[in-house]
Amino acid sequence: QVQLVESGGGLVQAGGSLRLSCGASGRTFSSYGMGWFRQAPGKEREFVAAISRSGIYTYYADSVKGRFTISRDNAKNTVCLQMNSLKPEDTAVYYCAAQLRDTYLTTKSRYDYWGQGTQVTVSS
């Protein structure tokens, strides 16, 4: 089992940047495919970005491609989401998630563990 804790959310103006971090407990972090999802008020939780166990493969939602970058450090049990050129429509609670299978990394239902979320608010 793994416990996930997100940090780094906050309020930023449009065009600004934020860096989200997700720390994981346990000694088998490198066994998990990792993803970031977000949920805006009144909307479904949606895929944002994902990274394979090794860090070689990364995936992005079309809406964030070219602006967000996901990375991981298996030695430090962390996964990060660098968010640049933020837009008001990026406002949401952002969740870190982990899955053991390292497949279908863009699919929400494939994830086994979730963090509590961190709020990101982008003002216009």
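The structure reproduced in this document is the subject of the present report. Computed from a prediction, not measured in an experiment: that's the story for all the values here.

1. What to know about the overall build of the chain
Regarding its fold elements, the chain presents zero helices and eleven strands. Counting from the amino terminus, helix and strand elements in the chain follow one another as β-β-β-β-β-β-β-β-β-β-β. The globule rule puts the C-alpha radius of gyration for 124 residues at 14 Å, and the 13 Å found for the chain is close to it. In the chain, which comprises 124 residues, the share counted as buried stands at 41%. Taking all contacts inside the chain whose residues are at least 6 apart in sequence as the whole, residues at least 24 apart take part in 59%. Mean positive and mean negative side-chain charge positions of the chain (14 and 9 charges, respectively) differ by 4 Å.

2. Some words on the side chain of Arg72
Locating Arg72 in the fold gives a position in strand E7 (residues 68–73). Buried charge without a partner: Arg72 forms no salt bridge, and the closest opposite charge is Asp102, 5.7 Å away. From its side chain, Arg72 meets the backbone oxygen of Phe29 in a polar contact 3.0 Å long. A polar contact is formed between the side chain of Arg72 and the backbone oxygen of Ser52, at a distance of 2.8 Å.

3. A short note on the nonpolar core
One broad rule of soluble globular proteins: the nonpolar side chains tend to lie buried together. Grouped together as the largest cluster of nonpolar side chains are 35 residues, with contacts concentrated most on Met34, Trp36, Val79, Leu81, Met83 and Tyr94. If you list the elements that add at least two residues to this core, you get strand E3 (18–24), strand E4 (33–39), strand E5 (46–51), E7, strand E8 (78–83), strand E9 (92–99) and strand E11 (118–123). Among all residues touching Val79, those that are not within four sequence positions of it are Leu20, Ser21, Cys22, Phe29, Met34, Trp36, Ile51, Ile70, Ser71, Arg72 and Cys96.

What counts as what
- Residues numbered from 1 in each chain as written.
- Predicted model: local features only at pLDDT ≥ 70, side-chain atom pairs only at ≥ 80, totals over all residues.
- Heavy atoms only, no water.
- Helix = DSSP H or I, 4+ residues; strand = E, 2+ residues; numbered from the N terminus.
- Rg over C-alpha atoms; globule rule 2.2 N^0.38 Å.
- Buried < 20%, exposed > 50% of the residue type's maximum accessible area, 1.4 Å probe, protein only.
- Contact = heavy atoms within 4.5 Å.
- Lys, Arg positive; Asp, Glu negative; His and termini not counted.
- Charge placed at Lys NZ, Arg CZ, Asp CG, Glu CD.
- Salt bridge = Lys/Arg side-chain N within 4 Å of Asp/Glu carboxyl O.
- Polar contact = N/O pair within 3.5 Å; in protein donor to acceptor, adjacent residues only side chain to side chain.
- Core = buried A, V, L, I, M, F, W, Y, C linked by side-chain atoms within 4.5 Å.

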